[in-house]
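As a plain string of letters, each chain reads:
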Amino acid sequence: MGILLAVLSPLAFVNSHLLRIGRAIGIVAVALMVVAILIQVVFRYVLNNALPWPDEAARFCMLWMTGLMAPTAFRRGGFVAIDMLGQALPRVLGSLLSLFLLVVSLAVLVIAVQIGYAEVTGFGGKFATASLYVPGNVSLTEWIRVPRSWMMMSIFVGVILLTLVNIELILRNLVSTFGGTERLPALPDVDMAGAD
């Protein structure tokens, strides 16, 4: 059990800090998404002149918010789950079932990392968005379209973070199964501002 705890403690520390940063960026992404949507509503319904970029900007922010917030939800047990069977079984069998499901999840996440990488670096990532532009230089005299790979990077980053959390949950499950629940590193509380 000492080896499991020696691996778990630094991983839990890294995950806590990465997820804290991800939550902060995710909160900014939600705020920017709301601003983009409100701008579009005003221009479309008040000024009767819809802009081309707010829909794509909101989608961009939503993808990044999801990729950065989902790992925290997964770590906290915030995903929808049917856990009646695991709770009805004896503790050790319930833990083994949970471990099996986490290992299956890890297999899916490893494949998702490969797909995410291919999306970012492959053929689809070479295209640009239709209407999102960013400054191409410091003097703001040149603007370039946002590459599609910047959007797809949200999937890649999110799945990598989910994989790290999944490995942490597997280690926590193993330590618990072997009777070391009281020796597990505590999960820090999350407040509404996203700080631990």
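Located above this text is the structure these notes cover.
Fair warning: this is a prediction, and the values are worked out from it, not measured in the lab. (Residues numbered from 1 in each chain as written. Predicted model: local features only at pLDDT ≥ 70, side-chain atom pairs only at ≥ 80, totals over all residues. Heavy atoms only, no water.)

A.B. asks: An account of the packing of aromatic side chains is requested, with residue identities and associated values reported.
C.D. replies: Evaluation of the coordinates by the stated rule reveals two aromatic pairs. With a centroid separation of 5.5 Å and an interplanar angle of 20 degrees, the aromatic rings of Phe74 and Phe79 are classed as stacked. Residue classification places Phe79 among the partly exposed positions, given a relative accessible area of 40%. Here Tyr117 and Phe156 contribute two aromatic rings whose centre-to-centre distance is 5.8 Å and whose plane-to-plane angle is 55 degrees, an arrangement assigned as tilted. Here the residue Tyr117 occupies a position in helix α4 (residues 91–121), and Phe156 occupies one in helix α5 (residues 148–177), the gap between them amounting to 39 residues. In this structure Tyr117 comes out as partly exposed when scored by relative accessible area, which is 48%. By relative accessible area, which is 16% here, Phe156 ends up buried. (Phe/Tyr/Trp six-rings, centres within 6.5 Å; stacked < 30°, edge-to-face > 60°. Buried < 20%, exposed > 50% of the residue type's maximum accessible area, 1.4 Å probe, protein only. Helix = DSSP H or I, 4+ residues; strand = E, 2+ residues; numbered from the N terminus.)

A.B. asks: Describe the packing of helix α2 (residues 54–75) against α5, and please don't skip the residues or the numbers.
C.D. replies: One way to put it is that α2 packs onto α5 with a least axis distance of 8 Å and a crossing angle of 5 degrees. Considering their axes alone, α2 and α5 lie roughly parallel with respect to each other. Counted together, Glu56, Phe60, Leu63, Trp64, Gly67, Leu68, Ala70, Pro71, Phe74 and Arg75 of α2 and Trp150, Met151, Met153, Ser154, Val157, Gly158, Leu161, Leu162, Val165, Asn166, Glu168 and Leu169 of α5 form the full contact between these two elements. Among the residues making up the contact of α2 with α5, the classes are represented as 15 nonpolar, four polar and three charged. (Axes fitted to C-alpha atoms, helices over the stretch in contact; angles between N-to-C directions. Parallel < 35°, antiparallel > 145°, perpendicular 65-115°, else oblique. Contact = heavy atoms within 4.5 Å. Nonpolar A, V, L, I, M, F, W, Y, C, P; charged D, E, K, R; others polar.)

A.B. asks: Got a sec to walk through the side chain of Thr72? Specific residues and values, please.
C.D. replies: Tracing the backbone shows Thr72 in helix α2. There is a polar contact of 3.2 Å between the side chain of Thr72 and the side chain of Arg23. Sequence-distant contacts of Thr72, that is, excluding residues within four places in its chain, are made with Leu19 and Arg23. (Polar contact = N/O pair within 3.5 Å; in protein donor to acceptor, adjacent residues only side chain to side chain.)

A.B. asks: Before we move on, could you go through α2 and cite the residues and values that matter?
C.D. replies: The end-to-end C-alpha distance of α2, which contains 22 residues, comes to 32 Å, matching closely the 32 Å that a straight helix rising 1.5 Å per residue would cover. At Met69, α2 is deflected by roughly 30 degrees, the largest bend along its length, and proline Pro71 occurs up to four residues later in sequence. Where α2 ends, the next residue or the one after it, Gly77, has phi of about 80 degrees, a positive value. (Expected span 1.5 Å × (residues − 1). Bend = angle between axes of the 7 residues up to and from the residue.)

A.B. asks: Go over the pattern of salt bridges, please, and point to the residues and values.
C.D. replies: Summed over the entire model, instances satisfying the criterion amount to three salt bridges. A salt bridge links Glu119 to Arg148; the shortest N-O distance between them is 3.5 Å. With a gap of 29 residues between them, Glu119 in helix α4 and Arg148 in helix α5 connect regions that are remote in the sequence. Here Glu168 makes a salt bridge to Arg172, at a shortest N to O gap of 3.0 Å. Residue Glu168 and its partner Arg172 are both found in helix α5; the two are separated by four residues, about one turn of the helix. Pair check on accessibility: Glu168 and Arg172 agree, each one buried. Counted as one network, the salt bridges with shared partners bring together Arg75, Glu168 and Arg172. (Salt bridge = Lys/Arg side-chain N within 4 Å of Asp/Glu carboxyl O.)

A.B. asks: How would you summarise the environment of Pro54 if you had to cite specific residues and measurements?
C.D. replies: Mapped onto the secondary structure, Pro54 falls in helix α2. Take Pro54: its relative accessible area is 1%, and that puts it in the buried class. Along the backbone, Pro54 and Val34 are 20 residues apart, and their C-alpha atoms lie at a distance of 9.9 Å. Not counting residues within four places of it along the chain, the set of residues in contact with Pro54 comprises Ala36, Ile39 and Gln40.

That's the geometry; what it means functionally is another story.
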